[in-house]
Amino acid sequence: MATVTHLTGSKCTWFPDVGDLCPTLTMRVYPKEGAPYEATTDARIPQVAASRVQPGAWLNVLVDPAAASRVFVDVPSFSNPPPKPIPDTDAR
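Parameters at a glance
- Residues numbered from 1 in each chain as written.
- Predicted model: local features only at pLDDT ≥ 70, side-chain atom pairs only at ≥ 80, totals over all residues.
- Heavy atoms only, no water.
- Helix = DSSP H or I, 4+ residues; strand = E, 2+ residues; numbered from the N terminus.
- Buried < 20%, exposed > 50% of the residue type's maximum accessible area, 1.4 Å probe, protein only.
- Contact = heavy atoms within 4.5 Å.
- Polar contact = N/O pair within 3.5 Å; in protein donor to acceptor, adjacent residues only side chain to side chain.
- Pairing = 2+ DSSP bridges.
- Salt bridge = Lys/Arg side-chain N within 4 Å of Asp/Glu carboxyl O.
- Lys, Arg positive; Asp, Glu negative; His and termini not counted.
- Core = buried A, V, L, I, M, F, W, Y, C linked by side-chain atoms within 4.5 Å.

Chemist: How do you make sense of the overall build of the chain when you look at a structure like this?
Modeler: Helix and strand counts for the chain stand at 0 helices and 6 strands. For the chain, the α and β elements follow one another from N to C terminus as β-β-β-β-β-β. Of all 92 residues assigned to the chain, the portion counted as buried reaches 34%. Across the chain, every contact between residues at least 6 apart in sequence was considered, and the portion connecting residues at least 24 apart equals 53%.

Chemist: Looking at this structure, I do not really get the side chain of Thr41. What am I missing?
Modeler: Tracing the chain through its elements places Thr41 in strand β3 (residues 37-42). Residue classification places Thr41 among the buried residues on the basis of a relative accessible area of 8%. A polar contact of 2.8 Å, which involves the side chain of Thr41, links it to the backbone oxygen of Val71. When neighbours within four sequence positions are excluded, Thr41 is seen to be in contact with Pro23, Thr24, Leu25, Met27, Val71, Phe72 and Val73.

Chemist: What exactly am I supposed to notice about the pairing of strand β2 (residues 24-29) here?
Modeler: Every regular strand shows the same layout, with side chains that alternate between the two sheet faces. Pairing analysis gives 6 bridges linking strand β1 (residues 2-8) to β2, with the strands arranged antiparallel. Considered in β2, the bridge of Thr3 is made with Arg28. Two strands pair when backbone bridges link them, and β2 and β3 are joined in this way by 6 bridges, in the antiparallel orientation. If you follow Thr26 over to β3, its bridge partner there is Thr40.

Chemist: Looking at this structure, I do not really get the sheet that holds β3. What am I missing?
Modeler: Where strands meet in a sheet, backbone hydrogen bonds hold them as pairs that are either parallel or antiparallel. If you walk across this open sheet you meet the 4 strands as β3-β2-β1-β4, and the pairing is antiparallel. Both outer strands of the open sheet, β3 and β4 (58-59), are each paired with one neighbouring strand and no more.

Chemist: Could you clarify how one ought to interpret the pattern of salt bridges in this entry?
Modeler: Two side chains carrying opposite charge are able to pair once their charged atoms lie near each other. Counted under the stated rule, the structure contains 3 salt bridges. Its salt-bridge partner being Asp20, residue Arg44 comes within 2.8 Å of it at the nearest N-O pair. Taken together, the positions of Arg44 in the loop between β3 and β4 and Asp20 in the loop between β1 and β2 put the pair 24 residues apart, joining distant regions of the chain. You can call Arg44 partly exposed: its relative accessible area is 29%.

Chemist: Help me understand the side chain of Asp74 in this model?
Modeler: For Asp74, the position within the fold is in the segment after β6 (71-73). With no salt bridge to any partner, buried Asp74 finds its closest opposite charge in Arg52, at an N-O distance of 8.8 Å. Excluding anything up to four places from it in sequence, Asp74 contacts Asn60, Val61 and Leu62.

Chemist: Is there a simple way to think about the nonpolar core in this case?
Modeler: A general feature of soluble globular proteins is that nonpolar side chains tend to end up buried together. Core analysis: the biggest nonpolar cluster contains 17 residues, and Leu25, Met27, Ile45, Leu59, Val61, Val73 and Phe78 have the highest contact counts within it. Only β1, β2 and β6 provide two or more residues apiece to this core. Tallying contributions element by element places β2 first for this core, with 3 residues. Here Val61 is in contact with Met1, Ala2, Met27, Val29, Val71, Phe72, Val73 and Asp74, once residues within four sequence places are set aside.

Here it is in structure tokens:
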């Protein structure tokens, strides 16, 4: 899981007429094991799911097991309710 901390850009440079968003997302990733970390990824998001990638939003992500810095938004999971936030243990 991850929480979006920053979003830049919005329009896709490919297929601009379909209405999808193509932002660059900066996220705080919370892996099942290990400490949370920052990651940045480009994503193609359907327009109807735009609220799911706003700063502060929680979303499911896929992490490349060979390179944890490669994080992808799990767009198919948008058909389900958003994940519940993870308490920030760094704030203690």
